[in-house]
Amino acid sequence: MIDKCESLADAAKRELREETAQIAETLAFVGLAKMKLKPDDRLEFGAIYACELERVQPFVANNEASKLMWWDVSSELEEHITAIDRKLIEMTVGYLAI
């Protein structure tokens, strides 16, 4: 969620920090995701960003994320990735310096 007087990019940085303890100095806007959420078919939009981390921070499980998974973009994705997460990852790969 976006706090009052907060930009989309600032909200993305804050959410990344709150949910994963990772700190992004800069973000690249990738696109906008339109999602229809069940059970009430509610439409939501989400800004998608990519970033490169200068340093990986230790992850602590919290009420929004139970684990953090790192993925080498040159390898196949693990089977347990959901279809929507797979699509979001595919959208961001082109924005990462590999």
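Reference entry: report on the structure contained in this document. (Residues numbered from 1 in each chain as written. Predicted model: local features only at pLDDT ≥ 70, side-chain atom pairs only at ≥ 80, totals over all residues. Heavy atoms only, no water.)

## With respect to unusual backbone geometry
Each neighbour pair has its own omega, and for Lys 38 with Pro 39 the value is 10°, a cis peptide bond. Along the chain, the position of Pro 39 falls in the loop between strand 1 (28-37) and strand 2 (42-50). Phi at Cys 5 is positive, roughly 65°, even though this residue is not glycine. Topologically, Cys 5 is positioned in the segment before helix 1 (8-20). Cys 5 gets classed as exposed once you look at its relative accessible area, which sits at 82%. (Helix = DSSP H or I, 4+ residues; strand = E, 2+ residues; numbered from the N terminus. Buried < 20%, exposed > 50% of the residue type's maximum accessible area, 1.4 Å probe, protein only.)

## A few points about the packing of aromatic side chains
A full pass over the atoms with the stated rule returns one aromatic pair. Judged by centre distance (5.6 Å) and plane angle (70°), the rings of Phe 29 and Tyr 49 are edge-to-face. Taken together, the residues span a long stretch of sequence, with Phe 29 in strand 1 and Tyr 49 in strand 2 at a distance of 20 residues. (Phe/Tyr/Trp six-rings, centres within 6.5 Å; stacked < 30°, edge-to-face > 60°.)

## Considerations on the side chain of Glu 15
Relative to the helices and strands, Glu 15 resides in helix 1. Among the polar contacts listed, one links the side chain of Glu 15 to the side chain of Arg 14, at a separation of 3.2 Å. With residues up to four places along the chain from it excluded, the contact list for Glu 15 reads Met 1, Thr 20 and Glu 64. (Polar contact = N/O pair within 3.5 Å; in protein donor to acceptor, adjacent residues only side chain to side chain. Contact = heavy atoms within 4.5 Å.)

## Considering helix 1
Turn by turn, an α-helix covers 3.6 residues, leaving residues three or four places apart pointing in a common direction. In this model helix 1 runs 18 Å from its N-terminal to its C-terminal C-alpha over 13 residues, within 8% of the 18 Å that 1.5 Å per residue would give. Those residues of helix 1 not exposed but buried are Ala 11, Arg 14, Glu 15 and Thr 20. After helix 1 finishes, the residue Ala 21 shows a positive phi value of roughly 70°. (Expected span 1.5 Å × (residues − 1).)

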